[in-house]
Amino acid sequence: MTVTQIDIEKGAAAASPYVPRMARIVAAEQMTGTERFFRLRMEGEPLRYEPGQFVGVTVFGVGEAPISICSSPTQGDEFELTVRSVGLVTNALRGFNQGDRLGVRGAFGNHFDYDAMKGQDILFVAGGLGLAPTRSLIRYVLDKRKDFGKVTILVGARDPSLLLFRPEIDAWLARGDVQTLVTVDRPDKAWKGNVGVITRLFNQIDMDPARTYAVVVGPPVMFKFTVLEALAEGIREHRIICSLERHMKCGVGKCGHCQIRGTYVCRDGPVFTYEQVKRLREGI
Amino acid sequence: MLPQVLKKSDLAAWIEALMAKRRVAAPVLKETSVADPTDLKFGWEYVVDPTEVRLDYSVTVLGPKKFLWPARQPLVSYALGGDPAPKAMIEHEPQVLFGVHPCDITAIRTLDAAFAKDIPDPHYLARRQDTAIVGLECAAPCDESSFCLDMGSLYPEAGYDVMLTPMGDSWYAEAKTALGQALVGEARMRPAGKPDMEARQAFSEEKRSNFHFKLPCEVKYLPDVLDASYDSLIWEAIARRCFSCGSCNTTCPTCYCFDVYDDVAVDLTKGCRARRYDSCQLDPFAQVAGGENFRQHRWSRLRHRMFRKGKYILEQTGQAGCVGCGRCDRACVAGISIKDTFIQIAGSR
């Protein structure tokens, strides 16, 4: 484990992991008041990634922010991001449109273990912006539908105007081979669907807990109560999967910002099982 | 190469010879306290005048980390207005760190491991590769704050090119590497004789008798001891005094967390992505853009630092996260001591 002179020499000649590559925006769309959708294509080699990974997005002259990939590699060489405008970089991204160029580093992190889920039932529980990373796996599973058992998708949002991917959710609702349920905390007059927190949807679904994986991504408070509900249904701790949010600044396990105890979320995550997260303690 | 002996009066000439070919950094006297004239503050600087070098220093306020891992370091340059064409900025030139104490040699080994492991960081490693280290033996502990013997940093087995030992009116110089031999070759030295070797042996015995263990357990148990204390109220108790100022991080020779930021040239034609030291004790360190702060409590940040120093970095890199230099203790305005904290939790059962 000791570092030798050879390690130092090899590392000194290595390529810098901090240099972004250039990507071009193929499509951009304002999804909600705060969320903007981008489809991108790398210049040169396409981005190689797996569902659940993230990239560092650079707005030159402003900075870089870590963003979950919301598409699946089964969709082809392009990749998609959903960005909420909350900080310096993400607000700058509001001004970016089709044809503009961005810097991209990555893809970073581990990914959803879809191989382990093959032949199994999957329950997706996505709250708010959590639908973005979840969608990367939903798209993967739907593109390889016959490899998986029963698929259930629960989507929650604070109010109807904040629902992401609405046309896509409508398509999922129309499919016979997927059960999709949507709820909002605060309905508007036009809303005809479910109302209340996402855990309320659990009494509308049937599951075989022994063969179900629950993929839960959303704000910490939603995660906590959804895990409670999933455990109450009988789902095993190692079959409850989540993706953690941290401000990764380097993506390569050095800068320390995403560290939870001895774990670097950028490198060891962002995908963890509940069995792992409960040991991390500072995880959620 | 046999050990060599350098007359103290020839030291400045050696440093001058070294300076002809590369930059030399060494400890110099920075300031003297008005209240206590014996309280000398030493710092690491690139040498301008070789006679300024103070090898009689006890400990520097900051270690020599900055020559390998600057407080601000450019990473990527890019153009604005046209094609950004981002390019890595890897800056290094030959340098010698002259007179590095064992704790700081060990600390540099920790940084080496942190930046070489997994995905290598050439911005650090290129500087490291171009850096020679002339070590300097310690005869006695700096003060009460140091616990280098406990942390295993007092007798480094590697990580330096030459080791100097003070012996009366001369220096005993042992080259550890081929590069070290070349450096020694630039000095006017004579091979050590039997009396010199006996004097070196006497120094070792004297050194051995001057350093004492301070922790109640072996350092290898520290990760377990820390684990057992994770839920203890001790962290809240100690953090009552903590101001979250980050002085402990600033002075630590093994801290390597960083913030990444972009700088834009005033004429807006180009920009630069750079990194700077960051501190896990500062409130926004683990905050995300949505406002969630995953270590919002002061005590949770203090605990995180103590765990990094005693456990995480060791597990991460195989090298000590804390070298027992005592700098964080000396810098802490609230009188929080990592050594006393380790002693307290190790003694609590």
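Residues numbered from 1 in each chain as written. Chains lettered and ligands numbered in written order. Predicted model: local features only at pLDDT ≥ 70, side-chain atom pairs only at ≥ 80, totals over all residues.

Novice: Please explain the overall build of chain B as it appears in this structure.
Specialist: The number of helices and strands found in chain B is eleven helices and twelve strands. Dimensions of chain B, computed from the C-alpha atoms along their principal axes, are close to 70 × 65 × 45 Å. Counting every position in chain B, which comprises 349 residues, the buried fraction comes to 46%. In chain B, the share of contacts with a sequence separation of at least 24, taken over all contacts with a separation of at least 6, comes to 73%. (Helix = DSSP H or I, 4+ residues; strand = E, 2+ residues; numbered from the N terminus. Buried ≥ 20, exposed ≤ 12 C-beta atoms within 10 Å, placed from the backbone. Contact = placed C-beta atoms within 7 Å.)

Novice: What is the right way to read the overall build of chain A from this model?
Specialist: Along its length, chain A carries eight helices and 15 strands. Dimensions of chain A, computed from C-alpha atoms along their principal axes, come out at roughly 60 × 45 × 35 Å. Looking at chain A residue by residue over its 284 residues, the buried ones come to 50%. Here the analysis covers contacts within chain A between residues at least 6 apart in sequence; of these, 69% occur between residues at least 24 apart.

Novice: Can you help me understand the sheet that holds strand β5 (residues 79-84) of chain A in this one?
Specialist: One key point about sheets: their strands pair by backbone hydrogen bonds, in either a parallel or an antiparallel sense. Residue and element names in this part refer to chain A. On the basis of which strands lie adjacent, the open sheet formed by six strands has the order β4-β3-β6-β1-β2-β5 and antiparallel pairing. The strands lining the two open edges of the sheet, one partner per strand, are β4 (63-68) and β5. The mean angle between the axes of side-by-side strands here comes to 40°, regardless of whether they run parallel or antiparallel. In the sheet, strand β3 (residues 54-59) pairs with β4 via six bridges, with the strands oriented antiparallel. Looking at β4, one finds that V55 is bridged to I67. (Pairing = 2+ DSSP bridges. Axes fitted to C-alpha atoms, helices over the stretch in contact; angles between N-to-C directions.)

Novice: Teacher, can you tell me more about the domain arrangement of chain A here?
Specialist: As a measure of interface size, the accessible area lost when the parts come together is often cited. Residue and element names in this part refer to chain A. Partitioning chain A into domains gives domain 1 (21-108) and domain 2 (114-243). Between domain 1 and domain 2, the contact holds 15 residues from the first and 15 residues from the second. Of the residues assigned to the side of domain 1 that touches domain 2, the class counts are four nonpolar, nine polar and two charged. (Domains from an automatic or database assignment. Nonpolar A, V, L, I, M, F, W, Y, C, P; charged D, E, K, R; others polar.)

Novice: Explain the interface of chain A and chain B here, please?
Specialist: With 41 residues of chain A in contact, the opposing surface of chain B contributes 49 residues. Tallying contributions element by element places helix α1 (residues 5-12) of chain A first for the side of chain A that touches chain B, with six residues. Looking at the side of chain A that touches chain B, its residues break down into 18 nonpolar, 13 polar and ten charged.

Novice: Please explain the pairing of strand β2 (residues 35-42) of chain A as it appears in this structure.
Specialist: Working note: regular strand, side chains alternate between the two faces of the sheet. Residue and element names in this part refer to chain A. When strand β1 (residues 21-30) meets β2, the two strands line up antiparallel, connected through seven bridges. By the bridge assignment for β2, A28 is matched with F38. Two successive antiparallel strands, β1 and β2, enclose a turn made up of four residues. Direction of pairing for β2 relative to β5: antiparallel, over a ladder of six bridges. Looking at β5, one finds that F37 is bridged to T82.

Novice: Explain the packing of helix α2 (residues 102-116) of chain B against helix α3 (residues 122-129) of chain B here, please?
Specialist: Axes are the key here: two packed helices are described by the angle between their axes and the distance separating the axes. Residue and element names in this part refer to chain B. Their axes nearest at 9 Å, the elements α2 and α3 cross at an angle of 135°. It follows that α2 is oblique to α3 by the angle criterion. Crossing hand, α2 versus α3: left-handed. The segment α2 lies against α3, with L111, D112, F115 and A116 engaging Y124, L125 and R128. (Parallel < 35°, antiparallel > 145°, perpendicular 65-115°, else oblique. Left-handed = near helix turned anticlockwise from the far one by under 90°.)

Novice: Teacher, can you tell me more about the nonpolar core here?
Specialist: Among the nonpolar cores identified, the biggest contains 174 residues, and A214, V215 and V216 of chain A together with V134 of chain B are the most heavily contacted of them. Sorting elements by how many residues they give to this core places α2 of chain B first, with nine residues. The two domains that each donate at least three residues to this core are domain 1 (21-108) and domain 2 (114-243) of chain A. Excluding anything up to four places from it in sequence, V215 of chain A contacts F112, I122, F124, V125, T134, L137 and I241 of chain A. (Core = buried A, V, L, I, M, F, W, Y, C linked by C-beta atoms within 7 Å.)

Novice: Which parts of the structure should I look at to understand the packing of α1 of chain A against α2 of chain B?
Specialist: Relative orientation of the contacting elements α1 of chain A and α2 of chain B amounts to 50°, with a least axis distance of 10 Å. One element, α1 of chain A, and the other, α2 of chain B, form an angle in the oblique class. Our pair here, α1 of chain A against α2 of chain B, has a crossing hand that is left-handed. Contacts between α1 of chain A and α2 of chain B involve D7, I8 and G11 of chain A from the former and D112, F115 and A116 of chain B from the latter. When its residues are assigned to classes, the contact of α1 of chain A with α2 of chain B shows three nonpolar, one polar and two charged.

Novice: Is there a simple way to think about the sheet that holds strand β11 (residues 258-264) of chain B in this case?
Specialist: The strand order across the open sheet formed by four strands is β5-β4-β12-β11 (chain B), and the pairing between neighbours is antiparallel. Across the chains shown, the open sheet's two edge strands, defined by having one partner strand only, are β5 (87-88) and β11 of chain B.

Novice: Quick question: what am I supposed to make of the environment of P209 of chain A here?
Specialist: Residues and elements named next belong to chain A. In this structure, P209 sits in the loop between β10 (194-195) and β11 (212-217). Between the alpha carbons of P209 and K189 there is a distance of 36 Å; along the sequence they are 20 residues apart. Residues within four places of P209 in sequence aside, it is in contact with E233, G234 and I235.

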